[in-house]
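Listed below, chain by chain, are the residues.
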Amino acid sequence: MRDLAGPNTLILIANVQRYPVHHPLAETKFYTESTVKDFERTELPVTALHSDFQRTGAGNCVIHVFRPRGDKKRKSASKDAKKEKKAKKEKKEKKEKKEKKEKKEKKEKS
């Protein structure tokens, strides 16, 4: 997508949402995380759609709007994405460590 887009390109992608937003398989993750480095992204509000398509949740229509970022913004977004990924990893490791500790304590009580 990045290679095909020029500086003034506006990309619209319509998608039928198959999973709720916070579900691990939700398509939203692709549209938010994998494009953050190169594109500014927004979603059209549901009210902008025809009334037949103004549902929310699984099965609704989502229209994603992408505009290429400038070089400075691109580098900044890349750093932000890396920081966010690192924070998620640390949080996951902390949770796993806590669960392991609780499991060990539970085993010692038995």
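Our subject is the structure listed above.
If you're wondering where the values come from, they're calculated on a predicted model, not measured in any experiment.

## Considering the side chain of H64
Residue placement: H64 occurs in strand β3 (residues 61-68). A polar side-chain atom of H64 sits 3.3 Å from a polar atom in the side chain of R41.

## So, the pairing of β3
When you tally the buried positions in β3, you get 7 out of 8 residues, the bulk of the element. Looking at chain direction, strand β1 (residues 11-16) and β3 are connected through 6 bridges and run antiparallel. Its bridge partner lying in β3, N15 is registered against V62.

## Topic: the nonpolar core
In terms of nonpolar packing, the biggest core is built from 5 residues, these being A5, I11, Y31, F39 and F66. Apart from the residues within four sequence positions on either side, Y31 is in contact with I13, N15, R41, H64 and F66.

## Re the environment of K94
Structurally, K94 is set in helix α2 (residues 71-109). Placed 12 residues apart in sequence, K94 and K82 show a C-alpha to C-alpha distance of 18 Å.

## A short note on the side chain of N15
As for its position among the elements, N15 is in strand β1. Take N15: its relative accessible area is 15%, and that puts it in the buried class. Non-local contacts of N15, meaning those with residues more than four positions away in its chain, are made with E27, Y31, N60, C61, V62 and H64.

## Here we look at the sheet that holds β1
Spatially, β1-β3-β2 is the arrangement adopted by the 3 strands of the open sheet, whose pairing is antiparallel. Across the chains shown, the open sheet's two edge strands, defined by having one partner strand only, are β1 and β2 (39-43). The sheet shows a mean angle of 25° between the axes of neighbouring strands, taken without regard to direction. With 5 bridges joining them, β2 and β3 adopt antiparallel strand pairing. Opposite F39, over in β3, you have P68 as the bridge partner.

Definitions and cut-offs
- Residues numbered from 1 in each chain as written.
- Predicted model: local features only at pLDDT ≥ 70, side-chain atom pairs only at ≥ 80, totals over all residues.
- Heavy atoms only, no water.
- Helix = DSSP H or I, 4+ residues; strand = E, 2+ residues; numbered from the N terminus.
- Polar contact = N/O pair within 3.5 Å; in protein donor to acceptor, adjacent residues only side chain to side chain.
- Buried < 20%, exposed > 50% of the residue type's maximum accessible area, 1.4 Å probe, protein only.
- Pairing = 2+ DSSP bridges.
- Core = buried A, V, L, I, M, F, W, Y, C linked by side-chain atoms within 4.5 Å.
- Contact = heavy atoms within 4.5 Å.
- Axes fitted to C-alpha atoms, helices over the stretch in contact; angles between N-to-C directions.

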